[in-house]
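Coordinates in review
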Amino acid sequence: MRTITVRRSLLILLVSFSLVPVAVIATAGYLVTERMTDRLVARHNRTLAEQARTRAEGLFDKAEAICTVLSDLETFRRLESREGRLAWSEADRAELERTFRGILEVHPEFMNLLFGAPAPGNEFFMVGHRKDGVAVLRTVLDPEGNPRTYWGSSADTAPVSYEATPLVPEARDWFGAALGGDAAQWSRPYVFKTSRKPGVTVSRRVTNARGETLGVLGVDLSLEDLSKYLSEFELGVQGTAFALSVQGDVVAWAEENRVLAVGDSSSPALAKVESIDDPRFPAEIEALVKEGKEEFVHKAGGEKYYTQLVPFRRGPISWAIGVTAPRSHFTAGLDFLRLFTVGVAVLTGVVAAFLAFFLANRVTPPLEALAHRAGRVREGRLEATEEDASIDTP
């Protein structure tokens, strides 16, 4: 009987110890899932960041190609420069305007198409998008030789409106950079003066058939297209995508209204990275961009944020295009499933222990009675006793 009691205890102990591997397996599964989740979130964010970089590269390549084609137009090839001034007719301007308009209708990502001639002519010709459609801006010299800038196409018999401050091409950074060479030149991001929207300009020197310099042609590429593309990423309320320059400027953001700095509306500028007050960005984000860091994790407001950065470079432009999102955006369902699995494992172990205890207590008493009777038979005592009656009673 003592042997049976020991076996019952061992049975209960064995089933109880069966909970240990259940706990070990559940813990190991939790740790493996955590590590896999970190990798999957990082890979997801990096894939989106690389897609955004590909988008930016496509926009820049297209703008540079258009700039190259326009700088070699037949309209320019046949023009001449006399005494430092461009010798072209209204028919030449009308032809250039039609060409510019046709390109802008097909490529809304281009804000303006520009052409400027150097001093003493200082002539400036621009066709660009406005709220009410495509408009033409021109800078010409008045009879006194002073530059005047006005809005109005070649079809207008008189200027529509004048700009208070003349737009002289030589005062623009994109003009001087391209005038001294044959390669396309890129400006750093800035806010366009006329449209007050963020963008960059690619420019190229224009020559006639004899190789004489006529001026510079430019293509204003709006960065709103990149911001709109970033806004299409499904990152939840707490996730976002952005492009930051190593100079500390915000050049694109899924939340477009945050690209421009809050301040004087008469002179808009790009927002500075150092001014970002957002828990989705760590305090050292500007330093991380300058260091070329490509991934980092930080915690804010009880959330764990994963950020992936990919570099983008073109001429003087050096950006970091990034995607950041909280872990909970990806693991809301997974966390529930993990807790559910662990709970089921623990519950299963508890139920198994209870059943083992219950069954041990149901099976052991009859075995003990049988062992007791076998002992009496072995001793030659065959008479029934009150103890036997109590054992037989259900």
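Residues numbered from 1 in each chain as written. Predicted model: local features only at pLDDT ≥ 70, side-chain atom pairs only at ≥ 80, totals over all residues. Heavy atoms only, no water.

With respect to helix 4 (residues 90-106)
- When the terminal C-alpha atoms of helix 4 are compared, their 25 Å separation across 17 residues agrees well with the 24 Å that a helix rising 1.5 Å per residue should span.
- Listed in full, the buried residues belonging to helix 4 are D92, R93, A94, L96, E97, F100, I103 and L104. (Helix = DSSP H or I, 4+ residues; strand = E, 2+ residues; numbered from the N terminus. Expected span 1.5 Å × (residues − 1). Buried < 20%, exposed > 50% of the residue type's maximum accessible area, 1.4 Å probe, protein only.)

Quick word on unusual backbone geometry
- Omega for the peptide link from A119 to P120 comes to 10°, which places this bond in the cis form.
- With respect to the helices and strands, P120 occurs in the loop between strand 3 (110-116) and strand 4 (124-130).
- A positive phi angle is found at N122, which is not glycine, with a value near 50°.
- Relative to the helices and strands, N122 is located in the loop between strand 3 and strand 4.
- On the basis of relative accessible area, N122 is assigned to the buried category, the value being 13%.

A short note on the sheet that holds strand 12 (residues 240-245)
- Strand order in the open sheet formed by five strands is 13-12-16-15-14, with antiparallel pairing between adjacent strands. The two strands at the open ends of the sheet, each matched to only one other strand, are strand 13 (250-253) and strand 14 (295-300). Averaged over all neighbouring strand pairs, the angle between strand axes comes to 25°, with direction disregarded.
- In the sheet, strand 15 (residues 303-314) pairs with strand 16 (residues 317-326) via ten bridges, with the strands oriented antiparallel. Its bridge partner lying in strand 16, R314 is registered against I317. (Pairing = 2+ DSSP bridges. Axes fitted to C-alpha atoms, helices over the stretch in contact; angles between N-to-C directions.)

Regarding empty space enclosed by the protein
- Applying the stated criterion across every chain yields a total of one cavity of 30 Å³ or more.
- When its residues are assigned to classes, the lining of the largest cavity shows seven nonpolar, two polar and three charged. (1 Å grid on protein atoms, 1.4 Å probe; cavity = no way out; pocket = protein on both sides within 12 Å on 5 of 7 lines; lining within 4 Å. Points joined across faces, edges and corners; volume = space filled by probe spheres on them. Nonpolar A, V, L, I, M, F, W, Y, C, P; charged D, E, K, R; others polar.)

So, the environment of E291
- Note that E291 resides in helix 7 (residues 285-291).
- The class for E291 is exposed, based on a relative accessible area of 62%.
- When the C-alpha atoms of E291 and V246 are compared, they prove to be 8.8 Å apart, with 45 residues separating the residues in sequence.

Details of the nonpolar core
- Counting 69 residues, the largest nonpolar core has F76, V219, F233 and W319 as the members making the most contacts within it.
- Broken down by element, this core gets its largest block of residues, ten residues, from helix 2 (residues 19-70).
- Counting residues in hydrophobic clusters, the runner-up holds ten residues, among them L167, F175, A178 and V216. (Core = buried A, V, L, I, M, F, W, Y, C linked by side-chain atoms within 4.5 Å.)

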